[in-house]
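A closer look at the structure
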Amino acid sequence: EYTLPVSRQIVDGFAHVHSLFWGDNQLGLSLGIHPEDDLLPSEDDIRGNFTYSSSQVDSFLTQFGECLSRRDQSIIRRVSQRYPDLLWSRISEETNLTLTHGDPHTLNILVPKDPTQHQVSIVDWATYMQWIGVHDLANHFPVYWHRTVRNAMEKDLLRRYHTQLCNRGVVGYDWNQCWYDYRLGVTGQVNRRIKHAPFNSAVGLWICDNC
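Report on the accompanying structure.

**Regarding the side chain of Arg193**
Take Arg193: it is sitting in the loop between α9 (175-192) and α10 (202-210). One buried charged residue, Arg193, forms no salt bridge at all, with the nearest opposite charge on Asp103 at 9.1 Å.

Next comes the structure, spelled out in structure tokens:
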């Protein structure tokens, strides 16, 4: 159940992990992987994974019929056109990056019943990479929360995340950058919907609407 205390525990858990590997340019070596393994995706990887053709976007929007307003259709088209460039521009800086989970859905985050005895556990790190830390939160909360809930809670939770990073020794990463990175991550969730059939399942439509 997404109570505020549970949400705070999730935020704290990711802030803890991200701070441990923040700015580590030898992340592969730190994790005991072969040091030549590059955990930072290349420009070709990013553009290949996040770019959709106009025909793909048209096909996605056609499935909605009249269920999607012209305004929302316009937003999705603009996101598909701009997001790959914005993402690569941010990643290519190679600053303020860290170890990220990459697939932080609800089954991969275990919240203890008694937080005084145990911390959040984040499991199944099969898709880890060097990336923008706050995208783990952008890939979690917007997917499972309706916009009204998100609008009421997300900024306070993000400020908590940023404060936790600073308290754990992260420097050179101000609030404005954190908030930009989070919004970029949410934009990426909108872009990602294009490859999923919105009416494939009730959950698919629900996630699409949330994003």
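**Digging into the packing of aromatic side chains**
Evaluation of the coordinates by the stated rule reveals eleven aromatic pairs. Taking 6.2 Å as the distance between ring centres and 55 degrees as the angle between the ring planes, the aromatic pair formed by Tyr144 and Trp206 counts as tilted. Residue Tyr144 is located in helix α7 (residues 141-144), and its partner Trp206 is located in helix α10; the two are separated by 62 residues in the primary sequence. Owing to a relative accessible area of 40%, Trp206 belongs among the partly exposed residues under this scheme. With a centroid separation of 5.7 Å and an interplanar angle of 20 degrees, the aromatic rings of Trp179 and Tyr182 are classed as stacked.

**A closer look at the layout of surface pockets**
In this structure, the largest pocket spans a volume of roughly 950 Å³. Secondary structure elements with two or more residues in the lining of the largest pocket: α5 (70-91), α8 (147-167), α9 and α10. For the lining of the largest pocket, the leading source of residues is α5, giving nine residues. Within the lining of the largest pocket, the residues separate by chemical class into 19 nonpolar, three polar and ten charged. Empty space within the second largest pocket amounts to approximately 500 Å³. As for the second largest pocket, its lining consists of 21 residues, of which Phe50, Gly102, Met129, Trp131 and Asn139 are closest to the centre. Sorting the residues of the lining of the second largest pocket by element identifies α3 (43-50), β4 (129-131), α6 (135-138) and α9 as the ones contributing at least two each. Within the lining of the second largest pocket, the residues separate by chemical class into seven nonpolar, nine polar and five charged.

**Section: the state of the cysteines**
When the sulfur atoms of two cysteines share a covalent bond, that bond is a disulfide. If you walk through the whole model with that rule in mind, you get zero disulfides. Unpaired in terms of disulfides, Cys178 finds its nearest cysteine sulfur in Cys166, a separation of 8.5 Å. Given the relative accessible area of 0%, Cys178 is considered buried. No disulfide involves Cys208; its sulfur sits 7.1 Å from that of Cys211, the nearest cysteine. Looking at Cys208, the relative accessible area reads 14%, which means it is buried.

**Focus on the pattern of salt bridges**
Under the counting rule described, the total for this entry stands at nine salt bridges. A salt bridge links Arg71 to Asp72; the nearest nitrogen and oxygen atoms lie 3.5 Å apart. A salt bridge links Asp181 to Arg90, with the shortest nitrogen-to-oxygen separation between them at 2.8 Å. Note that Asp181 is positioned in helix α9 and Arg90 in helix α5, a separation of 91 residues in sequence. One salt-bridge network, held together by shared partners, links Glu43, Arg47 and Asp85.

**Comments concerning the nonpolar core**
Val134, Tyr161 and Tyr182 are the most contacted members of the largest nonpolar core, which has 56 residues in total. Put simply, the parts of the chain that give this core at least two residues each are α1 (4-20), α4 (54-62), α5, α6, α7, α8, α9 and α10. The element contributing the most residues to this core is α9, with seven residues. Each residue touching Val134, except ones within four places of it in the same chain, is listed here: His18, Leu158, Tyr161, Tyr173, Cys178, Asp181 and Tyr182.

**Brief notes about the environment of Ser92**
The residue Ser92 is located in the loop between α5 and β1 (98-100) in this model. Looking at Ser92, the relative accessible area reads 32%, which means it is partly exposed.

Calculation criteria
- Residue numbers restart at each chain and count upward from 1, following the sequence in its written direction.
- pLDDT decides what is reported in this predicted model: residues at 70 or higher carry local features, side-chain atom pairs at 80 or more are listed and counted, and totals for whole chains, interfaces and linings draw on all residues regardless.
- Excluded from the side-chain calculations are hydrogens and water; all other atoms, namely the structure's heavy atoms, are used.
- Helix numbers and strand numbers start at the N terminus; a helix is a DSSP run of H or I with at least 4 residues, a strand a run of E with at least 2.
- Burial classes: relative accessible area under 20% of the type maximum marks a residue as buried, over 50% as exposed, and values in between as partly exposed (1.4 Å probe, protein chains only).
- Charged-residue counts in this description rest on Lys and Arg as positive and Asp and Glu as negative, His and the chain ends being excluded.
- Only one rule defines a salt bridge in this text: a Lys or Arg side-chain nitrogen within 4 Å of an Asp or Glu carboxyl oxygen.
- Ring pairs are drawn from Phe, Tyr and Trp, using the six-membered ring of Trp, whenever the two centres fall within 6.5 Å, and their geometry is named by plane angle: stacked under 30 degrees, edge-to-face over 60, tilted for the rest.
- Cavities and pockets were defined on a 1 Å grid built from protein atoms only: a cavity is a group of points that admits a 1.4 Å probe but offers it no way out, a pocket is an open group of points flanked by protein on both sides within 12 Å along at least five of seven lines, and a lining residue is one with an atom within 4 Å of any such point.
- Grid points are joined across faces, edges and corners, and a volume is the space filled by probe spheres set on the points.
- Throughout, the ten residues Ala, Val, Leu, Ile, Met, Phe, Trp, Tyr, Cys and Pro are labelled nonpolar, Asp, Glu, Lys and Arg are labelled charged, and all others, Gly among them, are labelled polar.
- Note that a disulfide, as used here, is simply two cysteine sulfur atoms within 2.5 Å.
- Throughout, nonpolar core names a set of buried Ala, Val, Leu, Ile, Met, Phe, Trp, Tyr and Cys residues whose side chains join them through atoms within 4.5 Å.
- Throughout, a contact is declared for two residues whenever any of their heavy atoms are within 4.5 Å.

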